[in-house]
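Coordinate analysis (summary)
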Amino acid sequence: MEDVKLSAAAAEFVSLSKTTQEEIYVLRMHNGEDNRLTTGLCQAVLTAMDLIERRCPVGTAGALIVTGAHPKFFSNGLDLNHAFETPGFWDKSFYAMLRRVLSFHLPCLAAINGHAFAGGAMFAMCFDYRFSNSRRGYICLNEIDFGAPLQPGMLACVQSRLTPSALRKCVLEGHRFTGPEQLEAGFVEATVDPSEEGVLKAAMVQARKVMSKAASGAFGKLKIGINVDILDKLTIAAKDAMDQRLDDYDAERLAMRSPAKL
């Protein structure tokens, strides 16, 4: 592997390398121990993907693998205070990153080396191929436990991958899926022994199998077709519409609790 130089701002949150004889890029996230999806990390991923596209443009064989630098976490999700207090975070950073992966012109593979919670799980589900740690690491949407509704785009990222029963268990129960359960539910293509970076190696094997499919120039367009329903929901308009529905729901519940007027 050879290192690929990033801007100082991006290098604070991610590192990028590539195989020496082919265009397979490996992006490692290192935003603290648990890779919270802050503006800095999301923008660093976007910067790295822009650089990859310049080096490996549409019509070139290649692939992108994303993993966590720390063995315990792929990503522990959003920093909610940051997400709601930072102007433009949803559309220009978090949603923009998810949309970029869902429509990227190269095969995108997630090497889910450890825990992937909430927004981290949604991010992982945007990838074309997903491999996880068979020994350690849960995939979980725990919004039910801290009272946070899921926006349409966030839910769509997961809904598109799971069986209906697994989706119910994931969203309404906040179940923590182990490696074997992740495979059965549809989160991942395979669970892998993590010894000697086994998860990353499995993703690399798959990347070498599919990288040539990008050479025709149609890979990104076909991905857009597959993922169009998710992409349509990863917008501020969809988020605002859901926020209004949730406000109406709260108002109706409040009205029902009010004393009846005689």
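The residue count restarts for each chain, going from 1 along the sequence in the order it is written. Where local features are concerned, this predicted model is filtered to residues with pLDDT of at least 70; where side-chain atom pairs are given and counted, the filter is 80 or more; whole-chain, interface and lining totals use all residues. Water and hydrogen atoms play no part in the side-chain values, which are based on all heavy atoms of the structure.

So, on to the nonpolar core. Residues enter a nonpolar core if they are buried and are Ala, Val, Leu, Ile, Met, Phe, Trp, Tyr or Cys, with the set joined through side-chain atoms within 4.5 Å. Buried residues are those whose accessible area, probed at 1.4 Å on protein chains only, stays under 20% of the maximum for their type, while exposed residues exceed 50% and partly exposed ones sit between those limits. The biggest cluster of nonpolar side chains holds 68 residues, and the ones touching the most others in it are Phe94, Phe123 and Phe187. Discounting residues that sit within four places of it in the chain, Phe187 has contacts with Met125, Arg130, Ile139, Val158, Leu162, Cys170, Phe177 and Gln182. Counting 15 residues, the second largest nonpolar core, distinct from the first, contains Val26, Ala63, Val192 and Met204. Note on contacts: a residue pair is in contact if any heavy atoms of the two residues lie within 4.5 Å.

A few words on the sheet that holds strand β1 (residues 2–4). An order of β1-β2-β3-β4-β6-β8-β10 is seen for the seven strands of this open sheet, with the pairing classed as mixed. Since the sheet does not close on itself, it has two edges, and those belong to β1 and β10 (190–192), each with one partner. The sheet shows a mean angle of 25° between the axes of neighbouring strands, taken without regard to direction. Pairing between strands is defined by DSSP: at least two bridges between the two strands are required. For the purposes of this entry, the term helix denotes a DSSP run of H or I that reaches at least four residues, the term strand denotes a run of E that reaches at least two, and both are numbered from the N terminus. Sheet topology note: the strand β4 (residues 63–68)/strand β6 (residues 108–112) ladder contains four bridges and is parallel. Bridge pairing in β6 places Ile65 opposite Leu109. Sitting on the sheet, helix α2 (residues 39–55) is in contact with β1, β2 (14–18), β3 (24–29) and β4, with an inclination near 20° to β2. For every element, the axis is a line fit to its C-alpha atoms; helices are fit only across the contacting stretch, and the angle between N-to-C directions ranges from 0 to 180 degrees.

What follows is about the side chain of Lys18. Its location among the elements puts Lys18 in strand β2. For Lys18, a relative accessible area of 4% puts it in the buried group. Between N or O atoms, a polar contact is any pair within 3.5 Å; within protein, one atom must be a potential hydrogen donor and the other a potential acceptor, and residues adjacent in sequence are included only when both atoms are from side chains. Here the side chain of Lys18 touches Glu22 through a polar contact of 3.0 Å, landing on its backbone oxygen. Leaving out residues up to four positions away in the same chain, Lys18 has contacts with Met1, Glu2, Val4, Glu23, Ile24, Tyr25 and Arg55.

Moving on, we get to the sheet that holds strand β9 (residues 139–140). Pairing in this open sheet of three strands is parallel, and the strands run β5-β7-β9 from one edge to the other. Looking at which strands have only one partner, the edges of the open sheet turn out to be β5 (73–75) and β9.

All right, on to a nonpolar patch on the surface then. Within this analysis, patches are made of residues with over 30% relative accessible area and no salt bridge. Like charges are joined at 9 Å or less; nonpolar side chains (Val, Leu, Ile, Met, Phe, Trp, Tyr) at 5 Å or less. For the area figures, the Shrake-Rupley method with a 1.4 Å probe applies, and any residue is considered shielded solely by the protein chains shown. Counted as salt bridges are all cases of a side-chain nitrogen of Lys or Arg within 4 Å of a carboxyl oxygen of Asp or Glu. Side chains of Leu80, Phe84 and Phe146 sit close together on the surface and give an oily, nonpolar patch of about 310 Å² of accessible area. Considering the arrangement of structural elements, one finds Leu80 in helix α3 (residues 80–85).

To continue, consider the packing of helix α7 (residues 152–159) against helix α8 (residues 164–173). When two helices pack together, their arrangement is captured by the angle between the axes and the distance separating the axes. Taken N-terminus to C-terminus, the directions of α7 and α8 make an angle of 140°; their axes are 11 Å apart at the nearest point. Judged by the inter-axis angle, α7 sits oblique to α8. Once α7 is placed against α8, the crossing between them reads as right-handed. Contacts between α7 and α8 pair Leu155, Val158 and Gln159 from the former with Leu167, Cys170 and Val171 from the latter. Under the convention adopted here, Pro, Cys and the residues Ala, Val, Leu, Ile, Met, Phe, Trp and Tyr are nonpolar, Asp, Glu, Lys and Arg are charged, and Gly plus all remaining residues are polar. Its residues placed into classes, the contact of α7 with α8 shows five nonpolar, one polar and no charged. To sort the angles, those under 35 degrees are grouped as roughly parallel, those over 145 as roughly antiparallel, those from 65 to 115 as roughly perpendicular, and the leftovers as oblique. Handedness of a crossing follows from how the near helix is turned relative to the far one, being left-handed for an anticlockwise turn of less than a right angle and right-handed for a clockwise one.

Across all of its chains, the model carries 10 salt bridges by this definition. Among the salt bridges present, the one from Arg100 reaches Glu53, with a minimum N-O distance of 2.8 Å. In this pair, Arg100 sits in helix α4 (residues 89–103) while Glu53 sits in helix α2, placing the two residues 47 residues apart along the sequence. On the basis of relative accessible area, Glu53 is assigned to the partly exposed category, the value being 26%. For Asp128, the salt bridge identified is with Lys223, shortest N-O distance 3.0 Å.

Let's shift gears to the packing of aromatic side chains. Paired rings are identified among Phe, Tyr and Trp, the last through its six-membered ring, by centres lying within 6.5 Å, and are further divided according to the angle between planes into stacked (under 30 degrees), edge-to-face (over 60) and tilted (the rest). In this structure the tally under the stated criterion is nine aromatic pairs. Arranged with centres 5.2 Å apart and planes meeting at 70°, the rings of Phe123 and Phe127 form a pair that is edge-to-face. Considered together, Phe123 and Phe127 belong to a single accessibility category, that of buried residues.

This part is about helix α10 (residues 198–210). How far a helix is expected to stretch is found by multiplying one less than its residue total by 1.5 Å. Given a rise of 1.5 Å per residue, 13 residues ought to cover 18 Å, and the 19 Å separating the end C-alpha atoms of α10 matches this to within 8%. Within α10, burial applies to Gly198, Val199, Leu200, Ala202, Ala203, Met204, Gln206, Ala207 and Val210.

A few words on α8. Of the residues making up α8, those classed as buried are Ala166, Leu167, Cys170 and Val171. Buried positions in α8, seen along its axis, are confined to an arc of 110° and lie on one side of it. For α8, the exposed residues set more than 90 degrees away from the buried face come down to Pro164 and Leu172. Looking at the packing, one finds that the buried side of α8 touches α6 (143–146), α7 and α9 (179–185). The arc in question is traced by the directions running from the helix axis to the C-beta atoms.

Right, let's talk about unusual backbone geometry for a bit. Of note, the phi angle at Asn35 is positive, near 55°, even though the residue is not glycine. Within the secondary structure layout, Asn35 lies in the loop between β3 and α2. With a phi angle near 55°, Glu196 is a residue other than glycine that sits in the positive phi range. By secondary structure assignment, the location of Glu196 is in the loop between β10 and α10.

Remember that the coordinates give geometry; whether it matters functionally is a separate question.
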